[in-house]
Amino acid sequence: MAYKIVSIVFHGKHFYATGEYLSDGKVLIYKNSQFAKTIHDSLISGGRTERLYLENSGLLKNGILSQDYTFSSSSSAASAIAGHNRNGLLEFKTIEGLTLGEYLNGLTKEDKDKEEVPSEADKDDEIIETYYGEITDVPPEEKTRDGVKFYPRNEKAKKIAMMQSGDVCALPTCKHPLFKRRSGRTYLEAHHLIPISVCKEFSSNIDIPENIVCLCPSCHREIHHGEEAERMISELYDERKEALEKKNIKLNGGLKQLLNYYGIKK
Ligand SMILES: [Zn+2]
Ligand SMILES: [Zn+2]
């Protein structure tokens, strides 16, 4: 069963649609989304087929979607909404303002090589067990979806890291207020101390709980963008160094190497 990966929005002068990108690559568009009222001749393939289906079935009247509808791909959805052919990976944006493609690639606007964006989906334990399977020693495999390369994250590793977090930010110096999810657990974001983007430099898998630190949203932004990043990375590295080495993940250049991964040149 498909579940939500990330909330997405697509808006332009004549349309405004919200929805979610699903784990099977399809896109759910919410009821009451506003589609462009007219379609252009350039609208072809999936976008046209699905748009015409919505119009003919009466689900789309006057450009307003009367119930939630799942499109077969992000591009079909974006094209049907805009009434032109559109690339869904470029047009849909996440809440943080990334394109869907950037999000799936594990990138952000500010720091395209280094950043991971946390999934905001509260995922069902059972699905995680069956869908992602076990954590292995094998490094992540680069995947391509709709022409965009990305490394799939092991959700089970993240889940274990979250359970081990004790519902507090991993930085002992953190003084930021925390809040609870609707599930009752503290909201934290999973951050790979050694970024997934450099996983090919290691013969062991770095997408493991030992390399995942759970940070409050403020500390997470700060470690990627703040002037205090060096201190934060150094504190976390001290704490995780031994556990990482036990998993055959050794930084021969030590802290300096790790800081370089964050773009901090020493
Ligand atoms: Zn991060
Ligand atoms: Zn914090």
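Just above sits the structure.
This report concerns the structure included in the present document.

Here is what the cut-offs are and how they apply
- Residues numbered from 1 in each chain as written.
- Chains lettered and ligands numbered in written order.
- Predicted model: local features only at pLDDT ≥ 70, side-chain atom pairs only at ≥ 80, totals over all residues.
- Heavy atoms only, no water.
- Pairing = 2+ DSSP bridges.
- Helix = DSSP H or I, 4+ residues; strand = E, 2+ residues; numbered from the N terminus.
- Contact = heavy atoms within 4.5 Å.
- Axes fitted to C-alpha atoms, helices over the stretch in contact; angles between N-to-C directions.
- Phe/Tyr/Trp six-rings, centres within 6.5 Å; stacked < 30°, edge-to-face > 60°.
- Buried < 20%, exposed > 50% of the residue type's maximum accessible area, 1.4 Å probe, protein only.
- Parallel < 35°, antiparallel > 145°, perpendicular 65-115°, else oblique.
- Nonpolar A, V, L, I, M, F, W, Y, C, P; charged D, E, K, R; others polar.
- Donors = N, O, S within 2.8 Å, 3.2 Å for Na, K, Ca; no water.

Quick word on the pairing of strand E1 (residues 4-12)
And then number 1: Bridging between E1 and strand E2 (residues 15-22) involves eight bridges; their strand directions are antiparallel. Directly across from Lys4, in E2, lies its bridge partner Leu22.
And then number 2: Counting the residues between successive antiparallel strands, the hairpin from E1 to E2 contains two residues.
And then number 3: Here E1 pairs with strand E7 (residues 93-94) via two bridges, running antiparallel. Across the sheet, the residue bridging to Val9 is Lys93, located in E7.

Topic: the sheet that holds E7
And then number 1: In spatial order, the strands read E6-E3-E2-E1-E7; together these five strands make up an open sheet with antiparallel pairing. Each having just a single partner strand, strand E6 (69-71) and E7 make up the two edges of the open sheet.
And then number 2: Pairing between strand E3 (residues 27-29) and E6: three bridges, direction antiparallel. When the sheet's bridge partners are listed, Ile29 is paired in E6 with Tyr69.
And then number 3: The strands touched by helix H2 (residues 74-82) are E1, E2, E3 and E6; relative to E3, the strand with the most contacts, the crossing angle is about 30 degrees.

As for the packing of aromatic side chains
And then number 1: Applying the stated criterion to the full structure yields seven aromatic pairs.
And then number 2: When the centroid spacing of 4.8 Å and the interplanar angle of 85 degrees are considered together, the rings of Tyr69 and Phe71 count as edge-to-face. Both residues of the pair, Tyr69 and Phe71, belong to the buried class.
And then number 3: When the centroid spacing of 5.0 Å and the interplanar angle of 10 degrees are considered together, the rings of Phe179 and Tyr187 count as stacked.

Some points on the packing of helix H7 (residues 217-225) against helix H8 (residues 229-246)
And then number 1: Where H7 meets H8, the axes come as close as 7 Å, and the angle between the chain directions of the two elements is 110 degrees. On the basis of the axis angle, H7 is roughly perpendicular to H8. Within the contact between the two elements, H7 uses Cys219, Glu222 and Ile223 and H8 uses Ala229, Met232, Ile233 and Leu236.
And then number 2: For the contact of H7 with H8, the per-class residue count stands at six nonpolar, no polar and one charged.

Here's the deal with unusual backbone geometry
And then number 1: Of note in this structure, Asp167 is not a glycine but carries a positive phi near 60 degrees.
And then number 2: Relative accessible area serves as the criterion here: at 24%, Asp167 is assigned to the partly exposed category.
And then number 3: Phi is positive for Asn248, which is not a glycine, with a value near 65 degrees.
And then number 4: Here Asn248 shows up in the loop between H8 and helix H9 (254-261).

Observations regarding the coordination of the zinc ion (ligand 1)
And then number 1: Every protein donor of the zinc ion (ligand 1) is listed here as His191 (ND1), His220 (NE2) and His224 (NE2), and their distances to the metal cover 2.0 to 2.1 Å.
And then number 2: Taken in chain order, the donor set of the zinc ion (ligand 1) reads H-x28-H-x3-H. Taken as a pair, His191 in strand E10 (residues 189-192) and His220 in helix H7 lie far apart in primary sequence, 29 residues in all. A single burial state applies to His191 and to His220, both of which are buried.

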